[in-house]
Amino acid sequence: MPIFVLFAGFLILLAAEVPVAIALFLSSLAYIDTVTPMPIQIVVQRMASGLDSFPLIAIPLFVLAGNILNGAGIAARIYAFAVALVGHIKGGLAQVNIFGSMVFAGMSGVAQADAAGLGTIEIKHMKDHGYSAPFAAACTAASAIIGPVIPPSVIMVVYAVTAQVSLTKLFLAGIIPGLAMGLSLMVLVWVLAATGRVNAPTEPRANIPLIAITFWKALPALVAPIFLTAGMLLGFATPTELGALTVIYAVILGFITKDLTVSSLLMHIRQSAVTSGILTLIIAAAVPFGWIISVGNYASGLLGFFEAIGANWVVFLLIVNIALLVMGLFIETTAVLLIATPALLPLAAAYGVDPIHLGVMMIVNLLIGAITPPMGVILFICQHIAEIRFSEMIKATLPFYIPLGIMLLVITYWSPIVMWLPNLFY
């Protein structure tokens with residue numbers, strides 16, 4: 001089949017360590033030039049048209065807002081509040097780690113930002129209080145992937161644009177699954193601590209005044225996700241416009257608390273521009289790749305395969321999950337999402353799977369891949385912060401795959417956990 005030219009070229013280029021965006025572009029170019037009579041200029045044209053989307057503006061806005069809030073000392077305040085609130089629960093600072101990530105998820109939108117920002121504080125505190133460095137790093141990596149599931153989420157923006165679905169509905173759909181993922185990780189940590197599998201000393205139970213003080217200090221940060229969610233539900237503004245308002249709020253907050261200066265603001269803008277530029281380049285290069293899959297009608301061939309093996313929707317979603325997990329082991333999360341979405345959408349429609357449900361399932365699946373070797377980028381970030389060997393990092397992360405895997409199955413096969421909030425408000 002001609003489609004093999006496209007995927008073979010892409011995989012060969014990846015194996016040669018060519019950047020993902022360049023590999024997507026060159027493989028699409030090779031396919032157009034060798035398989036179709038179309039002019040190769042169509043690749044560039046599709047790239048330009050694919051970026052002509054208002055929701056994509058949300059990406060640099062959410063990235064910038066997260067960087068500014070993190071740089072304005074927000075991460076430290078959230079961590080202090082989390083210690084006061086849940087530090088006494090069995091599992092101690094590991095519980096704080098996960099709870100803090102659930103709160104910080106409402107601001108960062110990027111798993112790497114959560115791991116590098118809040119993770120730096122969490123891993124240091126856990127090591128200082130007697131926790132093993134590998135366990136601290138593994139707990140941080142597992143909790144970091146909650147960030148892109150609870151809105152705002154950069155990867156949800158990418159899926160919404162690719163699948164042409166409502167970003168607001170997708171944001172709402174991620175809230176309950178994200179919270180459930182965090183709670184499942186907290187249960188695992190409680191079990192590991194209760195059975196003595198990890199050394200997890202608890203913190204003294206905080207009194208009400210201390211909880212109130214830490215809450216008051218963290219309140220400006222807690223307002224941001226509440227403001228974002230309320231704005232979406234009330235129809236006050238689109239998610240993109242709310243992203244711009246969050247940036248303004250973050251800048252004002254940073255200057256009021258004197259944790260943000262003009263020079264640090266410019267640094268955050270530069271960092272955000274680099275991150276957003278990389279993501280945008282990958283998105284642009286993936287547009288012609290996905291377009292080739294769509295116009296080639298290769299999805300009908302896949303549907304014929306599923307029908308031939310007598311697959312129902314249960315088997316279909318199982319095969320999709322396995323395929324995505326395998327792809328996520330070797331290919332960057334955003335690239336897999338952009339490649340797989342055009343092929344899977346018509347198949348999901350044929351099996352009666354809502355595109356919002358499919359999107360949340362795919363995102364959770366691929367985020368698990370981000371903490372899975374050999375290419376799990378969040379593993380490398382946390383390994384570097386904790387200063388441990390990669391083998392230690394992998395071994396310590398193994399227990400965390402259990403609750404994450406269970407939650408992936410729940411999200412896949414029990415649609416109300418995803419669709420209840422969107423259906424409630426729409």
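Residues numbered from 1 in each chain as written. Predicted model: local features only at pLDDT ≥ 70, side-chain atom pairs only at ≥ 80, totals over all residues. Heavy atoms only, no water.

Peer 1: Can you break down the packing of helix α4 (residues 58–71) against helix α12 (residues 239–256) residue by residue, with the values?
Peer 2: Interaxial distance between α4 and α12 falls to 8 Å at its minimum, and their mutual angle equals 25°. Taken as axis vectors, α4 and α12 run roughly parallel relative to one another. Crossing of α4 over α12 shows left-handed handedness. Facing Ala58, Leu61, Phe62, Leu64, Ala65, Ile68 and Leu69 of α4, the residues of α12 in contact are Pro239, Thr240, Gly243, Ala244, Thr246, Val247, Ala250, Val251 and Leu253. (Axes fitted to C-alpha atoms, helices over the stretch in contact; angles between N-to-C directions. Helix = DSSP H or I, 4+ residues; strand = E, 2+ residues; numbered from the N terminus. Parallel < 35°, antiparallel > 145°, perpendicular 65-115°, else oblique. Left-handed = near helix turned anticlockwise from the far one by under 90°. Contact = heavy atoms within 4.5 Å.)

Peer 1: Describe unusual backbone geometry, naming the residues involved and giving the relevant values.
Peer 2: For residues besides glycine, phi is generally negative; the peptide bonds are generally trans as well. Non-glycine residue glutamine 164 carries a positive phi angle of around 55°. Note on placement: glutamine 164 falls in the loop between α9 (154–163) and α10 (167–194). On the basis of relative accessibility, which here comes to 66%, the residue glutamine 164 falls in the exposed class. (Buried < 20%, exposed > 50% of the residue type's maximum accessible area, 1.4 Å probe, protein only.)

Peer 1: So what's going on with the packing of α9 against helix α16 (residues 333–350)? Residues and values would help.
Peer 2: Orientation of α9 relative to α16, taken along the N-to-C sense of each, is 30°, at an axis distance of 10 Å. One way to sum up the angle between α9 and α16 is to call them roughly parallel. α9 and α16 meet at a crossing whose hand is right-handed. For the pair α9 and α16, the contacting residues are Ile155, Val158, Tyr159, Thr162 and Ala163 in the first and Thr333, Thr334, Leu337, Leu338, Thr341, Pro342 and Leu345 in the second.

Peer 1: Account for the confidence of the model for the protein chain, naming residues and giving values.
Peer 2: Taken residue by residue, the protein chain gives an average pLDDT of 83. The fraction at 70 or more is 94%. Looking at the elements of the protein chain, mean pLDDT is at its lowest for helix α14 (residues 298–308), recorded as 63, and at its highest for helix α20 (residues 401–413), recorded as 95. (pLDDT = per-residue confidence, 0-100.)

Peer 1: Talk me through the packing of aromatic side chains; I want residue IDs and the actual numbers.
Peer 2: For the structure shown, the criterion picks out eight aromatic pairs. When the centroid spacing of 6.5 Å and the interplanar angle of 10° are considered together, the rings of tyrosine 131 and phenylalanine 135 count as stacked. A relative accessible area of 4% means that tyrosine 131 is categorised as buried. By relative accessible area, phenylalanine 135 is classed as buried at 6%. Here phenylalanine 380 and phenylalanine 390 contribute two aromatic rings whose centre-to-centre distance is 4.8 Å and whose plane-to-plane angle is 0°, an arrangement assigned as stacked. Of the two residues, phenylalanine 380 is situated in helix α18 (residues 377–386) and phenylalanine 390 in helix α19 (residues 390–397); the sequence distance between them amounts to 10 residues. Phenylalanine 390 gets classed as partly exposed once you look at its relative accessible area, which sits at 21%. Ring-pair connections join several aromatic residues into one group, and the members of that group are Phe81, Phe99 and Phe215. (Phe/Tyr/Trp six-rings, centres within 6.5 Å; stacked < 30°, edge-to-face > 60°.)

Peer 1: Describe the nonpolar core, with residues and values.
Peer 2: Core analysis: the biggest nonpolar cluster contains 154 residues, and Leu24, Ile59, Tyr159, Met362, Ile378 and Phe400 have the highest contact counts within it. With 12 residues, α10 is the largest single contributor of residues to this core. Sequence-distant contacts of isoleucine 59, that is, excluding residues within four places in its chain, are made with Val154, Val157, Val158, Ser276, Leu279 and Ile283. (Core = buried A, V, L, I, M, F, W, Y, C linked by side-chain atoms within 4.5 Å.)

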